[in-house]
Each structure stands twice: as structure tokens, then as C-alpha cells.
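Inside the fold
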Amino acid sequence: MKKFSFTLIVTALMLLAGASLTGCVSDGWYPLAPPGWSSWYDSSLTGKWRLVECNGREVGPYDTNWIDFYGNGRGMYYYYSYNRPYSERLAYWCQQPASPNSPYQINIQYEDGTTSTMNYWLQRNGTELCMQWRDNGVLVTYVYASVGYINW
């Protein structure tokens, strides 16, 4: 009987130890803000956004993407590549304008290692998010619409 009790106690302790370790497992992805950026997250960005327009042209169903900003500097990015759906985590930081006429900026770091810094603003009572940057000298403007869910 003592051997059974001892085995039962040891098994219970092993299960308890194993369960407690699962909360400590790390995936190793801890992106840091770019130099000079603070940990400020614009609460007006929190939510789900679907790309609807690129440089004034409507975006097709397999050219669209979605961004889900959680509001705490983290989120998800959903997109198509060769007509197949993919998703990856993202981290972001916002920067307030230096002067009243300057736009807000956002730095997004994607789980695949790419980083983007762009100007952004909201329009149409906060239901559209515009992001703008230069790509090889060409001005690119994306317009995202606020959506209630991500059609994935």
C-alpha cells in the first residue's frame, strides 16, 4: 500500500510540475521598438482592417489582406500568396507627429522579419485607415476599411 501511495504522489507531482511548465514556454519572438520610438499604441487603430484600395484602385479578393491590431502593440496579419491564405503575428509601435501638420507614423514588424514604417491617418469618421509610404521613390497609399470580422 505504501508503494502505491508513493507512486500516486510522485505521479501527481510530475503532472503538476509538467502543467506548471507549460506557462513558461517561450517561442522566442520578442520584437523591439525601433530606436527612438516609445511604446505608444494608438487606440483608434485597435480592431480589424481589410485592404480595399491601393493607390485609388479597388483591390481584388486575392490581393487583399487584413490587419488585426489587438491594441497592445501586437496583432495578426492575414494575406494571400499564390492564392493560398497565410497569417503571421505582428508587432507595432505608433509615433505622434512632431508638429501639428505632420502625420502619425507606425512601425510594423512582421513575424517573418520584415519591417515597415509608414505614415497613417483615419478618415470617414474612423472607419477607414490610410497608410502611406515610398517604395523606390513611388508613393504608395493603402486604404483599409474597418470590418467586424476577418473573412478567413
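Shown above is the structure to which this text applies.
This report concerns the structure included in the present document. (Residues numbered from 1 in each chain as written. Predicted model: local features only at pLDDT ≥ 70, side-chain atom pairs only at ≥ 80, totals over all residues. Heavy atoms only, no water.)

With respect to the packing of aromatic side chains
Tallying each qualifying case throughout the model produces 11 aromatic pairs. Measuring from ring centre to ring centre gives 5.0 Å for Y62 and Y80, while their planes differ by 75°; the resulting arrangement is edge-to-face. Of the two residues, Y62 is situated in the loop between β2 (57–58) and β3 (65–69) and Y80 in strand β4 (residues 74–81); the sequence distance between them amounts to 18 residues. On the basis of relative accessibility, which here comes to 46%, the residue Y62 falls in the partly exposed class. Y80 gets classed as partly exposed once you look at its relative accessible area, which sits at 23%. (Phe/Tyr/Trp six-rings, centres within 6.5 Å; stacked < 30°, edge-to-face > 60°. Helix = DSSP H or I, 4+ residues; strand = E, 2+ residues; numbered from the N terminus. Buried < 20%, exposed > 50% of the residue type's maximum accessible area, 1.4 Å probe, protein only.)

Quick notes on the environment of T141
Here T141 shows up in strand β9 (residues 138–147). Residue class for T141 comes out buried when judged on its relative accessible area of 17%. Considered as a pair, T141 and Y120 are 21 residues apart in the sequence and their alpha carbons are 9.4 Å apart. Those residues in contact with T141 that lie beyond four places of it in its chain are E53, C54, N55, W121, M131 and Q132. Within the structure, T141 has its side chain in polar contact with the side chain of Q132 (distance 2.7 Å). (Contact = heavy atoms within 4.5 Å. Polar contact = N/O pair within 3.5 Å; in protein donor to acceptor, adjacent residues only side chain to side chain.)

Brief notes about the environment of S87
The residue S87 is located in strand β5 (residues 84–95) in this model. Judged by its relative accessible area of 40%, S87 is partly exposed. Placed 22 residues apart in sequence, S87 and N65 show a C-alpha to C-alpha distance of 9.6 Å. Leave out the neighbours within four places in its chain, and S87 touches M76, Y77, Y78 and Y79.

Focus: the pattern of salt bridges
Following the criterion strictly, the structure yields three salt bridges and no others. Ionic pairing is found between R89 and E111, a salt bridge with its closest N-O pair at 2.7 Å. Residue R89 is found in strand β5, and its partner E111 is found in the loop between β6 (104–110) and β7 (115–123); the two are separated by 22 residues along the sequence. With relative accessibility at 34%, the residue E111 sits in the partly exposed group. Where R124 meets E128, a salt bridge forms, and the shortest distance between an N and an O atom there is 3.2 Å. (Salt bridge = Lys/Arg side-chain N within 4 Å of Asp/Glu carboxyl O.)

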